[in-house]
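Here are the chains, one letter per residue:
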Amino acid sequence: MADDKIIDGKLIAETMKKEIAAEVAEMIDKGIGAPHLAAVLVGDDEASLTYVTSKEKACHKVGMISSVYKLSSNATEEEVLNIIDFLNKDDEIDGYIVQLPLPEHINETKVIQSINPNKDVDGFTLCNIGLMQLGEPCYHPATPFGIKELLKRSGVEIAGKHVVVIGRSNIVGTPISVMLSRKGTDATVTICHSKTQNLKELTVQADILIVAVGQVEFVKADMVKEGAVVIDVGIHRIKDNSEKGYHIVGDVDFKEVYKKASKITPVPGGVGPMTIVSLLYNTLKAAKSNKK
Ligand code: GUN
C-alpha cells in the first residue's frame, strides 16, 4: 500500500511528463514542430555532465528536441558569449540553459545575463528574477517551481501557512521564498541561513519546512514541529560497501524526521525528479510562445 506520508516526486514527475508529452504530440500533429531545448556545457565537471545527459534523455522521452554545445574547460569567455549570441538569434532554439558552475576564468554573471530572457528556461536572468518578484508571468527556476508543484499536487495547503526555508541560494532558497510569498500563493515565509541565530526556534514554528542547506542530514527531529510538511532539497552521495559503492541521502535525517512529519519528500525520489520536469515545462512554455 502506498504510504501517503511520502510525497512521491518520481510519480508526480512522471504524471507531469505525460502531460507535457501530450502537448508536444499535439504541437507536432498541428505541424508547429517539437520544442527544442539546448544546453551549453563548458568543461568536464562530472556532475554537470550527468545533469546535462539527464536533461537530454528527459527531452527525448517527451518528444522534444535537444542539443548540447560542449566547450573545453579552457574555452574563453568570448567563445561562450559567441554561442550565447548564436542561440539568442537562432529561431530553431526555443529555450536553453548554461550549465553551472562555469570554469573560474569565465564571468558567470556576464554569461547568464547575456541570455535572451525569452529563452531563459532556467529563470536566471535579471528580467525573469524581477518579473518573479513582481508576481508577473515569467520563467521560474526549475527546482523552486518543482517544489511548488510537489506541494500543490500533494494537496498541501500553502495560503496563510508559515514556511521556513533553510538556505538562501540564488537557485533554490531565495526564489522559493519569493514564489511562495507572492499574492495567490500567500504563504508567510521566514528565510534562514548560516548566520541565523536560534535556528531551531524558527524551524519548530514551520508548517512547511524547506531544507536547501547542502549539509548531510542537517535537520533532526527536534528541529521539526509535529505534523509539519518537510521538503528536502539536498542530495549527497555517501560511500558504503554496497554493490554501487554509495547511497544517497538528503539534508534531512529522514528516519528521525519521518516520524514527526505529516508529509515528507524522500531522497532520492522527492525534489530531484521534479527539477528536470520543470525545465521541460518551461521549454514547452517557451515553444508555445515562440512558435505560436
Ligand atoms: N547547476 C546546478 N543546478 C543547476 C540548474 O538548475 N541550472 C543550471 N543551468 N545549472 C545548474
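Here we summarise the structure given alongside this text. (Residues numbered from 1 in each chain as written. Predicted model: local features only at pLDDT ≥ 70, side-chain atom pairs only at ≥ 80, totals over all residues. Heavy atoms only, no water.)

Thoughts on the packing of helix H6 (residues 142-153) against helix H10 (residues 272-291)
Going by this rule: A fitted line through C-alpha atoms represents every axis, and for helices the fit uses only the stretch in contact; the resulting angles, taken between N-to-C directions, go from 0 to 180 degrees. For helices the rule is a DSSP run of H or I covering at least 4 residues; for strands it is a run of E covering at least 2, with both sets numbered from the N terminus onward. If an angle is under 35 degrees, it is roughly parallel; if it is over 145, roughly antiparallel; if it lies from 65 to 115, roughly perpendicular; otherwise it is oblique. Whether two residues are in contact is decided by their heavy atoms, any of which lying within 4.5 Å being enough. Residues were grouped as follows: Ala, Val, Leu, Ile, Met, Phe, Trp, Tyr, Cys and Pro as nonpolar; Asp, Glu, Lys and Arg as charged; and all remaining residues, including Gly, as polar.
The geometry of H6 relative to H10 is characterised by a closest axis approach of 8 Å and an angle of 105° between their N-to-C directions. The orientation of H6 relative to H10 falls into the category roughly perpendicular. Contacts from Ala142, Thr143, Phe145, Gly146, Glu149 and Leu150 in H6 reach Met274, Thr275, Ser278, Leu279 and Tyr281 in H10. Here the residues of the contact of H6 with H10 sort into six nonpolar, four polar and one charged.

What to know about the side chain of Ser67
Rules: Between buried and exposed lies partly exposed: a residue is buried under 20% and exposed over 50% of the maximum accessible area for its type, with that area taken using a 1.4 Å probe on protein chains only.
In this fold, Ser67 is placed in strand E2 (residues 65-71). Under the relative-accessibility criterion, Ser67 is labelled buried at 18%.

Focus: the site of the ligand
Cut-off, in case you're wondering: One heavy atom suffices: a residue is near a molecule or strand as soon as one of its heavy atoms comes within 4 Å of it. Between N or O atoms, a polar contact is any pair within 3.5 Å; within protein, one atom must be a potential hydrogen donor and the other a potential acceptor, and residues adjacent in sequence are included only when both atoms are from side chains. Accessible surface is estimated by sampling points in the Shrake-Rupley manner with a 1.4 Å probe; for residues, cover comes only from the protein chains shown.
Neighbouring residues of the ligand: Val98, Gln99, Leu100, Asp122 and Phe124. Take Val98: an N or O atom from its main chain is 2.8 Å from a nitrogen atom of the ligand. Here the ligand loses 82% of its free accessible area of 280 Å² to cover by the protein chains. Its residues assigned to classes, the shell around the ligand shows three nonpolar, one polar and one charged.

Quick look at the sheet that holds E2
Rules: A pair of strands counts as paired when DSSP detects no fewer than two bridges linking them.
The three strands are arranged E2-E1-E3 in an open sheet whose pairing can be described as parallel. Edge positions in the sheet fall to E2 and strand E3 (95-98), since each of these pairs with one other strand and no more. Averaged over neighbouring strand pairs, the angle between their axes works out to 15° when direction is ignored. When strand E1 (residues 36-42) meets E2, the two strands line up parallel, connected through seven bridges.

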